[in-house]
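Letter by letter, the chains look like this.
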Amino acid sequence: MIIVTGATGQLGRLVVQDLLTRLPADQIVAAVRTPDKAADLAEQGVQVREADYDRPDTLKAAFEGAEKILLISGSEVGRRIPQHQAVIDAAKDAGAGLLAYTSVLHADASSLPVAPEHQATEEAIKASGLTYSLLRNGWYNENYIPAAQQGAANGVIIGSARDGRISSASRADYAAAAAVVLTGDGHDNTVYELSGDTAFTMDDVAADITAVTGTQVTYQDLPAEAHFRALTEAGLPEPVVEMLVAIDAGTAEGRLAGTTGDLSRLIGRPTTALRATLTAALAD
């Protein structure tokens, strides 16, 4: 029995769909906060169980019979440490043979604003005594879809990443890696630094948007303060703006640039290029 938490999220759904190509549906559990949102998975034969990170009592029932569990990190920044600890405790109580966790690239050394909660979760998993696999996901190609839409509209994308490089891959790539770990052998107590095969700059992103949209798009690099002001004036909430500017600062420092090859080795194929993801997204 393989259990995927957060299975109605963007990544979780992709993991479940990949697992369905590898396992009988009745061996897969979609553990979700709102079961009604997983009706389509239930129709495919997947077991759907309620699992709310904030309600540990639901986790005990959701994890019953678990052989392997994928903990997809929560989306509520600032609340994830206690939420993840609840999942870890429930996984241990269930006697799970493996707990896989979607962390962040180079979590143990990263200065990205999202890193501390991932670092704390990794430490808690190791301290639990559970057999684990840490899937340190890099950036998603899909993160650049809004920039592509913006660039297509006005010919400019902005940021403060300087010439920092990013090695992103598609969500489907990361989902496939998780499915491989959940269904294969040899992944006990492993740490995978997962990223795209090649690293690019924001100027390269602008060039890809130009190629995909047919509109000449340029990247305008701003000082962090000016970037913050521009995003605020565009109407984004201040906490979101702070996060975006901090991520660009980390990008400038090379925090998203690793090209370890772990991802392509796990999935047995090259990672998806940014241009391919943008082409598919803008066609839709």
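Because the structure is a prediction, the values reported are computed rather than measured. (Residues numbered from 1 in each chain as written. Predicted model: local features only at pLDDT ≥ 70, side-chain atom pairs only at ≥ 80, totals over all residues. Heavy atoms only, no water.)

A. Focus on the overall build of the protein chain. Per the secondary structure count, the protein chain includes twelve helices and nine strands. The C-alpha radius of gyration of the protein chain comes to 19 Å, within 12% of the 19 Å expected for a compact globule of 284 residues. Once the C-alpha set of the protein chain is aligned to its principal axes, its extents read approximately 55 × 35 × 35 Å. Counting across all 284 residues of the protein chain, residues that qualify as buried make up 51%. Of the contacts formed within the protein chain by residues at least 6 apart in sequence, a portion of 75% connects residues at least 24 apart. Counting every atom, the protein chain has about 12,300 Å² of accessible surface; 50% of that belongs to carbon and sulfur. (Helix = DSSP H or I, 4+ residues; strand = E, 2+ residues; numbered from the N terminus. Rg over C-alpha atoms; globule rule 2.2 N^0.38 Å. Buried < 20%, exposed > 50% of the residue type's maximum accessible area, 1.4 Å probe, protein only. Contact = heavy atoms within 4.5 Å. Areas by Shrake-Rupley, 256 points an atom, 1.4 Å probe, with all protein chains shown as cover.)

B. Quick peek at the packing of helix α1 (residues 10–19) against helix α7 (residues 171–183). As a packed pair, α1 and α7 sit with axes 8 Å apart at the nearest point and diverge in direction by 50 degrees. Put simply, α1 runs oblique to α7. Of the two elements, α1 crosses α7, and the hand of that crossing is right-handed. Of α7, the residues touching α1 (which contributes Q10, L11, L14, V15, D18 and L19) are R171, A172, Y174, A175, A176, A178, A179, L182 and T183. Among the residues forming the contact of α1 with α7, the class breakdown is eleven nonpolar, two polar and two charged. (Axes fitted to C-alpha atoms, helices over the stretch in contact; angles between N-to-C directions. Parallel < 35°, antiparallel > 145°, perpendicular 65-115°, else oblique. Left-handed = near helix turned anticlockwise from the far one by under 90°. Nonpolar A, V, L, I, M, F, W, Y, C, P; charged D, E, K, R; others polar.)

C. The arrangement of helix α4 (residues 80–94) in detail. For α4, spanning 15 residues, the distance from its first C-alpha to its last is 21 Å, which sits close to the expected 21 Å at 1.5 Å a residue. Of the positions making up α4, those classed as buried are R80, Q83, H84, A86, V87, I88, A90 and A91. Residues of α4 that are buried make contact with α3 (56–62), β4 (68–71), β5 (98–104) and α5 (115–128). Count one or two residues on from α4 and you reach G95, which has phi positive near 75 degrees. (Expected span 1.5 Å × (residues − 1).)

What is shown is where atoms sit, not what they do.
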